[in-house]
Amino acid sequence: MACRISAFVGVLGLVAASSGVAQDMPNPQAMQMQVQQIMQQRPREAEAAARAFLILVAPERVNGLDSLREQANRSFSQMLNVVPLSEPPAQDQYWMEVAQLTVQFDMVQKLNQRDSVRAQLVGKMFGQEANARAQQRAYRTASESSRAAIRKRIEAYISQHFDLDDQLRAREIADIERRLADVRAESQRRRDKRAEFIKFAVDDIVRDAMRPQ
């Protein structure tokens, strides 16, 4: 499902816009490839990373991840005596969630080395996404009478996600304004000392001209 990837790619784009952060962050395409690779290879360490990340950003979802794993294991056991034409859907759902969380965890850890405040905001956003994905899975199998309530819960999670995104953008704007103020101050300083800078430059050129060839 592309929507599971596009959300964190949007966050990545905003975070990478920060001064000094972009060079340390993988591009969205690389992160999508990491998700696909984890889904295919299914490393056990990814399961541990996903669980650890949920404990940090959405502890209420840990039991949900365990439940997904149990469903995946049951689905796999049921297929043991049958030659499957494709991977069991429950297995796909579980490993898609694990892959998504693992890649997000890695991103937040890298960001935390540069800016702990941004890392905290992004982590909270990913926590809201995890909750929204859980409700999305519930919506698929829910009765028609239950779907309105599930939709309300999804709306609440996305609303909180939007508020966090707004805080992150406000921080970006403040940083841009600060850097702009620094550039303006430096430009004014150079204008104020124009004659001094010109004299230094001319003196340097003249000294260079008088050096023995």
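Described below are features of the structure shown in this document. Every chain is numbered independently, its residues counted from 1 as its sequence is written. Thresholds applied to this predicted model are a pLDDT of at least 70 for local features of residues and 80 or more for the giving and counting of side-chain atom pairs; totals over whole chains, interfaces and linings are not thresholded and use all residues. The side-chain figures draw on all heavy atoms in the structure; neither hydrogens nor water molecules are used.

Overview of the nonpolar core
Counting 33 residues, the largest nonpolar core has Leu54, Tyr94, Val98 and Val122 as the members making the most contacts within it. If you tally residues by element for this core, the top one is helix α5 (residues 89-114), at 11 residues. As used here, the term nonpolar core means buried Ala, Val, Leu, Ile, Met, Phe, Trp, Tyr and Cys residues forming a set that is joined through side-chain atoms within 4.5 Å. Only protein chains enter the calculation, and the probe is 1.4 Å; a residue is then buried if its accessible area is under 20% of its type maximum, exposed if over 50%, and partly exposed in between. The secondary structure listing takes helices from DSSP runs of H or I that are at least 4 residues long and strands from runs of E that are at least 2 residues long, numbered from the N terminus.

Brief notes about the layout of surface pockets
Taken as a whole, the largest pocket holds about 270 Å³ of empty space. Residues are said to line a cavity or pocket when one of their atoms sits within 4 Å of a point; the points come from a 1 Å grid over protein atoms alone, cavities being sets where a 1.4 Å probe fits but cannot get out and pockets being open sets with protein on both sides within 12 Å along at least five of seven lines. If you go around the largest pocket, you meet 13 residues; those closest to its centre are Leu68, Gln71, Gln93, Arg137 and Ala138. Elements with a contribution of two residues or more to the lining of the largest pocket: α4 (62-78), α5 and α6 (116-141). The dominant element in the lining of the largest pocket, judged by the number of residues it contributes, is α6, at six residues. A breakdown of the residues in the lining of the largest pocket according to their chemical character gives four nonpolar, six polar and three charged. Grid points are joined across faces, edges and corners, and a volume is the space filled by probe spheres set on the points. Each residue gets one of three labels, nonpolar for Ala, Val, Leu, Ile, Met, Phe, Trp, Tyr, Cys and Pro, charged for Asp, Glu, Lys and Arg, and polar for the others, Gly among them.

Brief notes about the packing of α6 against helix α7 (residues 144-192)
Throughout, an axis means a line fitted to C-alpha atoms (over the contacting stretch in the case of helices), and angles, computed between N-to-C directions, take values from 0 to 180 degrees. Interhelical geometry of α6 versus α7 gives an angle of 160° and a closest axis separation of 9 Å. Between α6 and α7, the interaxial angle falls into the category roughly antiparallel. At the point where α6 passes α7, the crossing takes the left-handed sense. Taken together, the residues of the contact of α6 with α7 break down into 13 nonpolar, seven polar and 10 charged. If an angle is under 35 degrees, it is roughly parallel; if it is over 145, roughly antiparallel; if it lies from 65 to 115, roughly perpendicular; otherwise it is oblique. In a left-handed crossing the near helix is turned counterclockwise from the far helix by less than a right angle, and in a right-handed crossing that turn is clockwise.

Quick notes on empty space enclosed by the protein
One pass over the structure, following the stated rule, counts one cavity of 30 Å³ or more. Quantified by volume, the largest cavity comes out at close to 30 Å³. What lines the largest cavity is Leu54, Arg61, Gly64, Leu65, Glu97, Ala130 and Arg137. Counting residues per element, the ones that place at least two in the lining of the largest cavity are α4 and α6.

Details of the side chain of Glu129
As for its position among the elements, Glu129 is in helix α6. For Glu129, which is buried and forms no salt bridge, the nearest opposite charge comes from Arg133, at a distance of 4.1 Å. Side-chain polar atoms of Glu129 contact the side chain of His161, separated by 2.8 Å. Only four residue types enter the tally: Lys and Arg on the positive side, Asp and Glu on the negative side; His and the chain ends are excluded. Only one rule defines a salt bridge in this text: a Lys or Arg side-chain nitrogen within 4 Å of an Asp or Glu carboxyl oxygen. What qualifies as a polar contact is a pair of N or O atoms within 3.5 Å, subject to a donor-acceptor requirement within protein and to the restriction that residues adjacent in sequence count only when both atoms come from side chains.

Structural notes on the pattern of salt bridges
The final tally for this structure, using the stated rule, is 18 salt bridges. Of the charged contacts in the structure, one is a salt bridge between Asp165 and Arg169, with a shortest N-O distance of 2.8 Å. Residue Asp165 and its partner Arg169 are both found in helix α7; the two are separated by four residues, about one turn of the helix. Residue Arg169 is classed as partly exposed on the basis of its relative accessible area of 40%. The partner of Asp203 in a salt bridge is Lys199, with the nearest N and O atoms 2.9 Å apart. Here Asp203 and its partner Lys199 are both found in helix α8 (residues 194-210), four residues apart, which amounts to about one turn of the helix. Given the relative accessible area of 51%, Lys199 is considered exposed. Salt bridges sharing common partners tie together Asp115, Arg118, Arg171, Glu172 and Asp175.

Quick notes on the environment of Val98
In this structure, Val98 sits in helix α5. On the basis of relative accessible area, Val98 is assigned to the buried category, the value being 0%. On a C-alpha basis, the gap between Val98 and Ala50 in space is 5.4 Å, while along the polypeptide they are 48 residues apart. Two residues form a contact once any of their heavy atoms are found within 4.5 Å. Once residues within four sequence positions are removed from consideration, Val98 is found in contact with Ala46, Glu47, Ala50 and Leu65.

Examining the packing of aromatic side chains
Each aromatic ring pair is described using two quantities: the centre-to-centre distance and the angle formed by the ring planes. Any pair of Phe, Tyr and Trp rings, taking the six-membered ring for Trp, is counted once the centres come within 6.5 Å. Such a pair is stacked with planes under 30 degrees apart, edge-to-face with planes over 60 apart, and tilted for the rest. Counted according to the given criterion, the structure contains three aromatic pairs. When the centroid spacing of 6.4 Å and the interplanar angle of 70° are considered together, the rings of Phe53 and Phe126 count as edge-to-face. Here Phe53 is found in helix α3 (residues 44-57), whereas its partner Phe126 is found in helix α6, with 73 residues between them in sequence. Across the pair, Phe126 and Phe53 agree in class, each one buried. Each member of the aromatic cluster is reached from another via a ring pair, and the members are Phe53, Phe105 and Phe126. In our convention, an over-ring charge means Lys NZ or Arg CZ found within 6 Å of a ring centre and within 35 degrees of that ring's normal. The ring of Tyr139 has Arg147 sitting right over it, with the charged end atom 4.6 Å from the ring centre. Just above the ring of Phe197 sits the side chain of Arg190; from NZ or CZ to the centre is 4.9 Å.

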